[in-house]
Amino acid sequence: MEKGSSSPPSNASLRWAILRQAFLSPPPLPSNTDEPSQIDALERISRKSGGGFNLIPHRLLNGHFSERSSGDESRDVFVQYSLPVGRALDLTLIQRIDNCIDLNDFEISSRYDIDSTGLVCCWPSEDVLAYFCLTNSELFRGKRVLELGSGYGLAGLAIAACTDAQKVVISDGNPEVINYVQRSIDFNAGVFRETEVKSMSLHWNQEQPSDVQNTFDIIVASDCTFFKKFHKRLALTVKSLLKYSETSEAIFLSPRRGDSLEKFIKEIEANNLHLSVIENYNVDIWNLHLKFLNGGDTSWPNYDMDHCYPLLVKISF
């Protein structure tokens, strides 16, 4: 950008600047430079930065670091989530410090044709999905439940801990993500009572194992419709894993993100599945959305409905 130009740098150039800083670790930019700082750039381009619905309170457990962090104690931590249910119940998830991605993650993404977004943080839509499931716990009682594209698996673990589901399988296509999920399952084993809880490596672009086809009463997923190249296979995965029943359904919570959600909906319809899209599905979530949107809550300064507010999509046969 030329000195004196009033046009800000593009979002793409900001992302490249952040990536360059991450790999090269240059000294801080001088104060008179026209190039924005990494912090300023993140605040501008990151939809996650500085905000979230925070429906499920959580805190870092001081002094609790992962046994796998050998030499890098800042990478993996224990985060305790206090579930908003009638009885006092905490879940502890082993996860990365927010936005901690290394070169090995890129190598895994390339090898398995997956993304690494599940390792970045516990995303706002996952928080909303977990809260929605907890406030509709009767939907899961005695059911076989699958979470797709789980990331750290907050929603699946919350369902397993609080809804008396028969079985909960928490799945993701990234094997590194599944390592984290399984460690969290093992750590919280005492809170699941009679519910069977398993992790599963499940890639939407692959044929699903015959022993899980058409076996799940409920499938849940949050913000899984962002990457358009996966839409067709994701729709087929839902159809192949959802049980043939009038009462079975898939529950997706996803922001519109331009035309991304709309294109996924077309793939669902192309598979002769029924669906409904609901904008206002929970009074607490809706009221928070309105506060963010109208400036009544300034804790999420870059909030906008298209990228941040997850719509409820219910899919059935």
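Residues numbered from 1 in each chain as written. Predicted model: local features only at pLDDT ≥ 70, side-chain atom pairs only at ≥ 80, totals over all residues. Heavy atoms only, no water.

### Focus on the side chain of Thr 195
Step number 1: Relative to the helices and strands, Thr 195 resides in the loop between α6 (175–187) and β6 (196–201).
Step number 2: Among the residues examined, Thr 195 registers a relative accessible area of 10% and is labelled buried.
Step number 3: Here the side chain of Thr 195 touches Ala 165 through a polar contact of 2.7 Å, landing on its backbone oxygen.
Step number 4: Each residue touching Thr 195, except ones within four places of it in the same chain, is listed here: Ala 160, Asp 164, Ala 165, Gln 166, Lys 167 and Val 168. (Helix = DSSP H or I, 4+ residues; strand = E, 2+ residues; numbered from the N terminus. Buried < 20%, exposed > 50% of the residue type's maximum accessible area, 1.4 Å probe, protein only. Polar contact = N/O pair within 3.5 Å; in protein donor to acceptor, adjacent residues only side chain to side chain. Contact = heavy atoms within 4.5 Å.)

### A few points about the pattern of salt bridges
Step number 1: Enumeration over the complete set of coordinates arrives at 12 salt bridges.
Step number 2: Between Arg 193 and Asp 164 there is a salt bridge whose closest N-O contact spans 3.5 Å. In this pair, Arg 193 is assigned in the loop between α6 and β6 and Asp 164 in the loop between α5 (154–162) and β5 (167–172), connecting sequence segments 29 residues apart.
Step number 3: A salt bridge links Lys 266 to Glu 262; the nearest nitrogen and oxygen atoms lie 3.9 Å apart. Here Lys 266 and its partner Glu 262 are both found in helix α8 (residues 260–270), 4 residues apart, which amounts to about one turn of the helix.
Step number 4: By relative accessible area, Glu 262 is classed as partly exposed at 45%.
Step number 5: Salt bridges linked by common partners bring Asp 76, Arg 96, Glu 176 and Arg 183 together as one network. (Salt bridge = Lys/Arg side-chain N within 4 Å of Asp/Glu carboxyl O.)

### Details of the pairing of β5
Step number 1: Counting buried residues in β5 gives 6 out of 6 residues, a clear majority hidden from the surface.
Step number 2: With burial as the criterion, each face of β5 is covered, one bearing Lys 167, Val 169 and Ser 171 and the other bearing Val 168, Ile 170 and Asp 172.
Step number 3: Assessed by its sense of winding, the connection that carries the chain from strand β4 (residues 144–148) through α5 to β5 is right-handed.
Step number 4: One ladder, built from 6 bridges, connects β5 with β6; its direction is parallel. (Right-handed = clockwise from strand over helix to strand, strands pointing away. Pairing = 2+ DSSP bridges.)

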